[in-house]
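Examination of the molecular architecture
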Amino acid sequence: QVQLVESGGGLVQAGGSLRLSCVASGTIFTINDMGWYRQAPGKQRELVARITSDGGTRYVMSSVKGRFTISRANAQNTVYLQMNSLKPEETGVYYCSGVARDGIAYWGKGTLVTVSS
């Protein structure tokens, strides 16, 4: 079992920055890719960025390229999402996810990001 706990969300003005953190615990050696997803009010959850086990960026949503950066500190079992120049439409709950070698996906409970205009 893997447990994921997100932190770092909050209220920020448009144009501001936040850094989200996701700390993994449990059988973390089974986790390969990790990612950040966003679910805006009334919308489906969507992938924002994904990172490989060795820290390579596998995917970044086109609308956030150049503003958001995903990174990973394996020694601290932590994945980060640095978000700059935030826009009101990027308000939502941000979830951390980890995919194990057997394909099982684990999820955190999410952290709320609110971007005011």
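So, here's what we can say about the structure. Keep in mind it's a predicted model, so treat the numbers as computed, not measured.

What about the overall build of the chain?
When helices and strands are counted, the chain shows zero helices and eleven strands. The N-to-C order of helical and strand elements in the chain reads β-β-β-β-β-β-β-β-β-β-β. For 117 residues, the compact-globule estimate of 2.2 N^0.38 gives 13 Å, and the chain sits close to it at 13 Å. The C-alpha extent of the chain, read off along each of the three principal axes, is 40 × 25 × 25 Å. In the chain, 53% of the contacts between residues at least 6 apart in sequence involve partners at least 24 apart. Accessible surface, the chain: about 6100 Å² in total, of which carbon and sulfur atoms supply 49%. Taking the average place of the 12 positive charges on the side chains of the chain and the average place of its 7 negative ones, the gap between the two points comes to 1 Å.

Description of the environment of Leu18
Residue position: Leu18 is located in strand E3 (residues 18-26). Separated by 67 residues in the primary sequence, Leu18 and Ser85 place their C-alpha atoms 9.2 Å from one another. Ignoring any residue separated from it by four or fewer positions in sequence, one finds Leu18 in contact with Gly8, Gly10, Val12, Leu81, Gln82, Met83, Leu86 and Val113.

Re the state of the cysteines
Two cysteines, two sulfur atoms, one covalent bond between them: this is a disulfide. Counting across every chain of the model gives one disulfide. Across the disulfide, Cys22 is cross-linked to Cys96 (sulfur-sulfur distance 2.1 Å). One disulfide, between Cys22 and Cys96, carries an S-S torsion of -80° and so falls in the left-handed class. Here the residue Cys22 occupies a position in strand E3, and Cys96 occupies one in strand E9 (residues 92-100), the gap between them amounting to 74 residues. Taking the relative accessible area as the measure of exposure, Cys22 reaches 0% and is therefore buried.

Definitions and limits used
- Residues numbered from 1 in each chain as written.
- Predicted model: local features only at pLDDT ≥ 70, side-chain atom pairs only at ≥ 80, totals over all residues.
- Heavy atoms only, no water.
- Helix = DSSP H or I, 4+ residues; strand = E, 2+ residues; numbered from the N terminus.
- Rg over C-alpha atoms; globule rule 2.2 N^0.38 Å.
- Contact = heavy atoms within 4.5 Å.
- Areas by Shrake-Rupley, 256 points an atom, 1.4 Å probe, with all protein chains shown as cover.
- Lys, Arg positive; Asp, Glu negative; His and termini not counted.
- Charge placed at Lys NZ, Arg CZ, Asp CG, Glu CD.
- Disulfide = S-S within 2.5 Å.
- Buried < 20%, exposed > 50% of the residue type's maximum accessible area, 1.4 Å probe, protein only.

Treat this as a map of the structure, not an account of what it does.
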